[in-house]
Amino acid sequence: MKQARTESNPMKSKLIASGAFAWLAFAAIAPLAAQESGESKPDSSKAAAAKKKDPDPKWYAIVGGDVHTGTGGVLRGATILSKDGVIDAVGYALELPEGTEVLDAKGLSVYPGMVAISASLAVSQGARFLAEDDLHMRCCIDFGKSGHAHQGPLDAELDLVLAEQAGLADPQSDLRDAYDPYSSSLLMTLAVGITSAEQSGGALKLKRGEIDGVVMRERFLSSFTWSSASSGKTQLRDKFAGAARYLREKRDWEVRKEKEKDLPEPSKKGVDAKSLAVLEGSARAKFNANDRDDLLGIARLAQEFGFRPVIEGCVEGWTVAEELGRAGAYAIIYPRQRRDKDENVVRAGGSSIENAAILHAHGVQVAIGPSANGIDLGGISGRDLLHITVDADFAVRGGMSDAAALAGLTTVPARILGVDHRVGSIEKGKDCDVIVTDGDVLHYETLVQYTVVAGKLAYDKQKELLFAHIRPRDLKEGNIPGLESAPSESATSGPGEQK
Amino acid sequence: MLLTTLLLSVLTPADPPLPSLYALRVGRAETIAHGTIEHAVVLVENGKIVTVGQDLEIERGIPVIELPDATLLPGLVDCYSRIGLDSEGSSGFEPQARASDELYADQKLWKEVLETGVTTLGMYPGGSGIPGQGFALQPHGATREQMILKDPTFLLVHMRSDPGAKKFLRDGLAKADEYDEKEKKNQEKWDKDQEKKGAKKEEKKEEAKSFTPQGFESSSFEPAAFEPAQDKAKKERKGYVPSEPDAKSKPFVELRQGKLRPLFTLSKAADYLHLLDVLAKEEFEFDARIQLRDDLDLHYVMDKFGEKKLRVAMEPRITLQPNTRRERNYAMELAKAGGKPVFVPRTDSVNGMKDWLRHVGEVVAAGLDREVALRAVTLEPAVLLGLGERLGSLEAGKDATFVLYDGDPFELSTRVVAVVLGGELVHGEIKQ
């Protein structure tokens, strides 16, 4: 996207002269995008309420960085201005309103915050690093118990059981009610530049220090099992067929009911709710499949019933990339996943380092996932959530372009989760979730210096104990938290304290 | 003077009764209310403190107990204990349950507790979720009634960053809302009926009350039991009398009315945000209990605690910041932020109580203000239990409940010399 010089006075934002067409273009697309992903109403009404409540907007500006918008363009030395957590303007020579908090990003790179597809619940609900004491063991409703840190699905199951025990009728706010904005896992996730994460099929904004507005969307990704047995496939097809029939009948009824008043509304009885939600567009079907035959089957099913499937794994996708592209599939690729070819067949198979690149070239939207969805402190070059960019590097090694790999960590996962109208790229009207790095975000040596979530600084490398000692930004006394000279805050930590 | 000597020579552990009126002259008194007083004199009459001061002149004829080497402290208050109670507890949503139902008097244990200098115990109900209401006792007395000082003390709510825990609290508050609404309607109806009756004659009053209270299910020790006859009489006199809420709603109605104080246990910083999220616009005051352990992240919400001047019951312990070896003195940080630390022994046992002040001493050595530390084992826990008017400091009008030490109470080598409960010597010897 071309981003011409933009001068934006927030008070007269409607009078933006040059470059306004870009915003207009976006504004025209935005409602469509929102429709496509089925933006939920409470979201917008909440935002409206917030506006009413707070007449004094909070301004935040990231000034002077090389802004990689995530839509193709790079604006060198540009400024991003955020108003109440939403990007108000991106461009040059912006007039900053009085009271704007400024983050100096001169000489640094600015990227959209990354979206982690499939992150363990420990990220937003806190992983415990020590055994629980008896008090908490006694408390059966306490969750986030140690030991489940890396087991997303198990946690999710646990969650459901507990919800039932507690007699929860409405589990809608579960993710919010269990959110831990101070969790160390969350801090580490922010420290590598991830600002949104998938949790139980929904999307969370990883806000620090607050729990309001963390849930962007709930239960959008809906898991389907693609069984290799033919009976399972038939059953699944029948479910979708039933749902499609119901939709057809309903549409027909809606047309005819004007004339024939006594016509009964078609019954939902026997219609599979999950499939129906997918066909109605209120959910997105996700399959876990790797075999060529399975992938082809999913592509056919999707084309028959007219939905865009998300295929997780997709190891042999490169062998059927054309078919997947035609089916409009999304793929969640774990580039380091390895798999041997089946020696009993002649045709191509097994994993390929070019998988992501080939899929992308055939029009499949490729999201890149981490090898493990939790946070593992057991190694430097790990395979966990903290090394999601290294996974993207493997895709690049296989021939994917940098831009496509970055999209695999930002816009594509945002699209898969149905939150692309809010996160994934740096554009006016989107949430101000950006990261400031000291180099190319995909380079393994690059460190995130600042992470901004919803127009608020959520992570500052020099202020936290994680990476402050590695290439300190500005080597001064008191600049590295582990090396403070005067133990004023906590009287017991001496200057010789080791991190 | 001769009389005094005679009197004191009679005081042996086997024969403890102190006179009903006496003066105690000690080397030092930590009054809590008025700081440290050297050469302090405490005048006690009928189990209450009459006056406290430095080198007060003592009227002739009043027996004087001279303990020039002793340090006097108000009796220690452990406000969060289950010592001596059955370890079973209700789980889930049982706000009406009473911990006092589990109490057995006349155990050897109570004497051992007293010997540690702990004169007041705040007991909490076992279990999870909202397990019930606590009570306060003195570890002395032959019957339950003699032991129990206050029942209930607080409503215990285990608050976690968890949909289930939040749901319990929301449900409870919703019950109170329901009751308030119902009462409002009933009262309006009653007012209307009264107007009508004003025109006619006063009759059919009972019908104004459209629903009958269900009474209490489980509490055997219920101070304000429902008595319909009395109720009727009251109504005659005062006008509309609100009906009794049902057992599970009652504690929450009382929270709103300020009759009952909640104690929320938290397990990490995020729990506090979730608590505030549920309480939103509730106005009642509350206290918190946080079990200190390493990898606790309270520093994130310390300023929020301070803002609310929150009273937080915690162990005297230095903890490590998550994933680091950095030490945190949360009691000190809380006091600096403006909150009120309250200490509970590290382990809920007689041994824990024995080591209690020594552990507090460690936290003082690490920077906690000494006065704050003393308050945190006496007055603050007493206030938390709603006994601040009676216990927790050496002040005129308060119970003569105190502990005598042979030195600085935070020193390792210091021993408890004697324990006095309501003016009565219950442990140790007092000689001249």
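Residues numbered from 1 in each chain as written. Chains lettered and ligands numbered in written order. Predicted model: local features only at pLDDT ≥ 70, side-chain atom pairs only at ≥ 80, totals over all residues. Heavy atoms only, no water.

Caption draft 1: Broad picture of the overall build of chain A. Each helix and strand counted, chain A has 15 helices and 17 strands in total. With 499 residues in all, chain A has 54% of them scored as buried. When contacts within chain A are restricted to residue pairs at least 6 apart in sequence, long-range pairs at least 24 apart make up 63% of them. If you sum the accessible surface of chain A, you get close to 23100 Å²; carbon and sulfur atoms cover 52% of it. (Helix = DSSP H or I, 4+ residues; strand = E, 2+ residues; numbered from the N terminus. Buried < 20%, exposed > 50% of the residue type's maximum accessible area, 1.4 Å probe, protein only. Contact = heavy atoms within 4.5 Å. Areas by Shrake-Rupley, 256 points an atom, 1.4 Å probe, with all protein chains shown as cover.)

Caption draft 2: Fine view of unusual backbone geometry. Note that the residue after Asp151(B), namely Pro152(B), is joined by a cis bond; omega there is 0 degrees. With respect to the secondary-structure elements, Pro152(B) resides in the loop between β9 (148-150) and β10 (154-158). Here the phi dihedral of Ser200(A) falls at roughly 50 degrees; this positive angle occurs in a residue that is not glycine. By secondary structure assignment, the location of Ser200(A) is in the loop between β7 (194-199) and β8 (202-205). With relative accessibility at 38%, the residue Ser200(A) sits in the partly exposed group.

Caption draft 3: Main features of the sheet that holds β9(B). Residue and element names in this part refer to chain B. Taken together, the four strands give an open sheet; going across it, the order is β5-β6-β8-β9, and neighbouring strands pair in mixed fashion. What marks the edges here is a single partner per strand, and that holds for β5 (76-81) and β9. Neighbouring strand axes in the sheet, compared pairwise and without regard to direction, differ in orientation by 30 degrees on average. Here helix α2 (residues 108-115) sits on the sheet in contact with β6 (118-123) and β8 (135-137), set at roughly 120 degrees to β6. Contacting β5 and β6, helix α10 (residues 350-365) runs over the sheet at an angle of about 120 degrees to β5. (Pairing = 2+ DSSP bridges. Axes fitted to C-alpha atoms, helices over the stretch in contact; angles between N-to-C directions.)

Caption draft 4: Inspection of the side chain of Ser222(A) at higher detail. All names here are of chain A. Mapped onto the elements, Ser222 comes out in strand β10 (residues 221-224). Residue classification places Ser222 among the buried residues on the basis of a relative accessible area of 10%. In this structure Ser222 touches Lys274, Ala283, Arg284, Ala285 and Lys286, once residues within four positions along its chain are discounted.

Caption draft 5: Fine view of the packing of aromatic side chains. All names here are of chain A. A complete count under the given rule lists 11 aromatic pairs over all chains for this structure. Their ring planes at 80 degrees and their centres at 6.3 Å tell us that Trp226 and Phe287 sit as a pair that is edge-to-face. Of this pair, Trp226 sits in the loop between β10 and α8 (230-256) while Phe287 sits in strand β11 (residues 284-289), placing them 61 residues apart in sequence. Looking at Trp226, the relative accessible area reads 11%, which means it is buried. By way of ring pairs, the aromatic residues Phe224, Trp226, Phe240, Phe287, Phe305 and Phe307 are connected into one cluster. Between Arg217 and the ring centre of Phe220, over which it is positioned, the NZ or CZ distance is 4.1 Å. In this structure, Lys274 packs its charged tip against the face of Phe224, placed 4.8 Å from the ring centre. (Phe/Tyr/Trp six-rings, centres within 6.5 Å; stacked < 30°, edge-to-face > 60°. Lys NZ or Arg CZ within 6 Å of the ring centre and 35° of its normal.)

Caption draft 6: Quick peek at the pairing of strand β15 (residues 434-437) of chain A. Residues and elements named next belong to chain A. Residues Val434 and Val436 point to one face of β15 and Ile435 and Thr437 to the other, with burial holding for every one of them. Bridge count for strand β5 (residues 109-112) against β15 is four bridges, and the pairing is antiparallel. Counted as the bridge partner of Val110 is Val436 from β15. Bridge analysis of β15 against strand β16 (residues 448-453) gives four bridges, and the strand direction is antiparallel.

Caption draft 7: Spotlight on the sheet that holds strand β9 (residues 215-217) of chain A. Residues and elements named next belong to chain A. Strand order in the open sheet formed by four strands is β6-β7-β8-β9, with mixed pairing between adjacent strands. Either end of the sheet is taken by a strand with one partner, and the two such strands are β6 (114-116) and β9. Neighbouring strand axes in the sheet, compared pairwise and without regard to direction, differ in orientation by 30 degrees on average. For β8 and β9, the ladder comprises two bridges, and the chain directions are antiparallel. For Ala203, the partnering residue across the bridge sits in β9 and is Arg217.

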